[in-house]
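Spelled out, the chains give:
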Amino acid sequence: MSTAAPVSRTPRAWSGRPVTFGRVLRSEWIKTNTVPSTVILLAVSFAVMVGLGALVAWGLIQLASDPESGPPEGIGQSLQSAAYDVPAAGLPFGQLLIAALAVVVIGSEYTTGMIRSTMVAVPTRTPALLAKTLVIAVISFVLGVVGAFTTYLLAQPILAGSDLDFGLDAEWVLPSIINTGTVLALIAIMGVGIGALLRNTAGGVVTLVGALFVLPIIAGLLTGLADWVEDAARFLPSSAAAQLVATNIQPGQFNQVEGGLILAGWAVILLAAAVVVLKKRDV
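Residues numbered from 1 in each chain as written. Predicted model: local features only at pLDDT ≥ 70, side-chain atom pairs only at ≥ 80, totals over all residues. Heavy atoms only, no water.

**Thoughts on the overall build of the protein chain**
Across its full length, the protein chain holds 11 helices and zero strands. Shown N-terminal to C-terminal, the secondary structure of the protein chain runs as helices and strands in the order α-α-α-α-α-α-α-α-α-α-α. Across the 283 residues of the protein chain, 42% fall into the buried class. Long-range contacts, defined here as pairs at least 24 residues apart, represent 78% of the contacts in the protein chain between residues at least 6 apart. On the protein chain, roughly 15000 Å² of surface is accessible, and the fraction owed to carbon and sulfur atoms is 68%. (Helix = DSSP H or I, 4+ residues; strand = E, 2+ residues; numbered from the N terminus. Buried < 20%, exposed > 50% of the residue type's maximum accessible area, 1.4 Å probe, protein only. Contact = heavy atoms within 4.5 Å. Areas by Shrake-Rupley, 256 points an atom, 1.4 Å probe, with all protein chains shown as cover.)

Here is the structure:
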């Protein structure tokens, strides 16, 4: 009677390619750009930013060419200063939409449970979060710069009707256009950080929108009660974002660099907290 020869169970060496940050980044890029809602939201953000900028430009020429009274004495200079802010006029609405998108990018993975697959593929976790953050931040930066520059080009023929048009060499105009993208990128980083901390899309969106739009209103209402409220309000994300794109720095206000550092501080703190929490919590 013959006996069956034992089958060799020697494990074969894994021949797959290692998980590198570049591969994780490519994976996050594919996930972000193949979702139709993301593309639609980005297109809406661009359209709203450009459309609002054109509307502001049209409003300025209406003020400059008032057929009844005409512009008051000295108003020409103030209107020209206001015209310099037209390229970034749509930024507040851009912030709102990008904030929502950034929270959804991370929050939706927790809602659907897809985050488990992501963390199994990237067991160290941090590269996955950083790659996701980098992708949405770069997309937001490009959207902001292209949107602001498109607004500038569209607004010039409108403003020319009242001699309010200007070149890119006007003081602080080009930095303002570039920093429109910087603001959106930093807001996107804040959104990913808050989304990772709260792990809830609705809660993350409400929290970030509250920080950007509700806190300044509350601070404005409380300004008369204490002097420190006004000083503290300058460090809010929305105030820092406004100074980052400002072309006319008022006395006592932060300049573009200082505003950028404050907003970057908010983004770094939230992202760092998200990294720490992500490594300590179960998914």
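**A look at the pattern of salt bridges**
Here the structure, examined in full by the defined rule, presents four salt bridges. Among the salt bridges present, the one from Lys31 reaches Glu109, with a minimum N-O distance of 3.0 Å. On the criterion of sequence distance, the pair formed by Lys31 in helix α1 (residues 21–33) and Glu109 in helix α4 (residues 91–112) is long-range, its members being 78 residues apart. Close ionic contact of Glu109 with Lys132 constitutes a salt bridge, the shortest N to O distance being 2.5 Å. (Salt bridge = Lys/Arg side-chain N within 4 Å of Asp/Glu carboxyl O.)

**Quick word on the nonpolar core**
Leu129, Val183 and Leu263 are the most contacted members of the largest nonpolar core, which has 50 residues in total. The residues touching Val183, leaving out its near neighbours within four places in the chain, are Leu91, Gln95, Ala241, Leu244, Val245 and Leu263. With 16 residues, the next largest nonpolar core counts Ala83, Val86, Val173 and Ile177 among its residues. (Core = buried A, V, L, I, M, F, W, Y, C linked by side-chain atoms within 4.5 Å.)

**Remarks on unusual backbone geometry**
Look at Arg125: it is not a glycine, yet its phi comes out positive at around 70°. Along the chain, Arg125 falls in the loop between α5 (114–121) and α6 (126–160).

**Remarks on the packing of α6 against helix α7 (residues 173–198)**
Relative to each other, α6 and α7 sit at 150°, their axes nearing to 7 Å. Judged by the inter-axis angle, α6 sits roughly antiparallel to α7. For α6 against α7, the interelement crossing comes out right-handed. Touching Leu129, Thr133, Ile136, Ala137, Ser140, Phe141, Leu143, Gly144, Val145, Ala148, Phe149 and Tyr152 of α6 are Ile177, Ile178, Thr180, Gly181, Thr182, Leu184, Ala185, Ala188, Ile189, Val192 and Ala196, all from α7. When grouped by side-chain class, the residues that make up the contact of α6 with α7 number 17 nonpolar, six polar and no charged. (Axes fitted to C-alpha atoms, helices over the stretch in contact; angles between N-to-C directions. Parallel < 35°, antiparallel > 145°, perpendicular 65-115°, else oblique. Left-handed = near helix turned anticlockwise from the far one by under 90°. Nonpolar A, V, L, I, M, F, W, Y, C, P; charged D, E, K, R; others polar.)

**Quick word on α1**
Taking 1.5 Å per residue as the helical rise, α1 with its 13 residues ought to reach 18 Å, and the 18 Å between its terminal C-alpha atoms agrees with that figure. All of the buried residues along α1 are Val24, Glu28, Lys31 and Thr32. Take α1 and look down its axis: the buried residues cluster within an arc of 95°, on one side only. For α1, the secondary structure elements touched by its buried residues are α2 (36–64), α4, α5 and α6. (Expected span 1.5 Å × (residues − 1). Arc of directions from axis to C-beta.)

**A closer look at the environment of Trp266**
Residue placement: Trp266 occurs in helix α11 (residues 256–280). In the structure, Trp266 is positioned 76 residues away from Met190 in sequence and 7.1 Å away in space, judged by C-alpha atoms.

**Quick notes on the packing of α4 against helix α8 (residues 201–222)**
Contact geometry for α4 and α8: axes closest at 8 Å, N-to-C directions at 155°. With respect to α8, the axis of α4 lies roughly antiparallel. As α4 packs across α8, the resulting crossing turns out to be right-handed. Where α4 approaches α8, its residues Pro92, Gln95, Leu96, Ala99, Ala100, Val103, Val104, Gly107, Ser108 and Thr111 are matched on the opposing element by Thr201, Gly204, Val205, Leu208, Val209, Leu212 and Phe213. Grouping the amino acids of the contact of α4 with α8 by side-chain chemistry returns 11 nonpolar, six polar and no charged.

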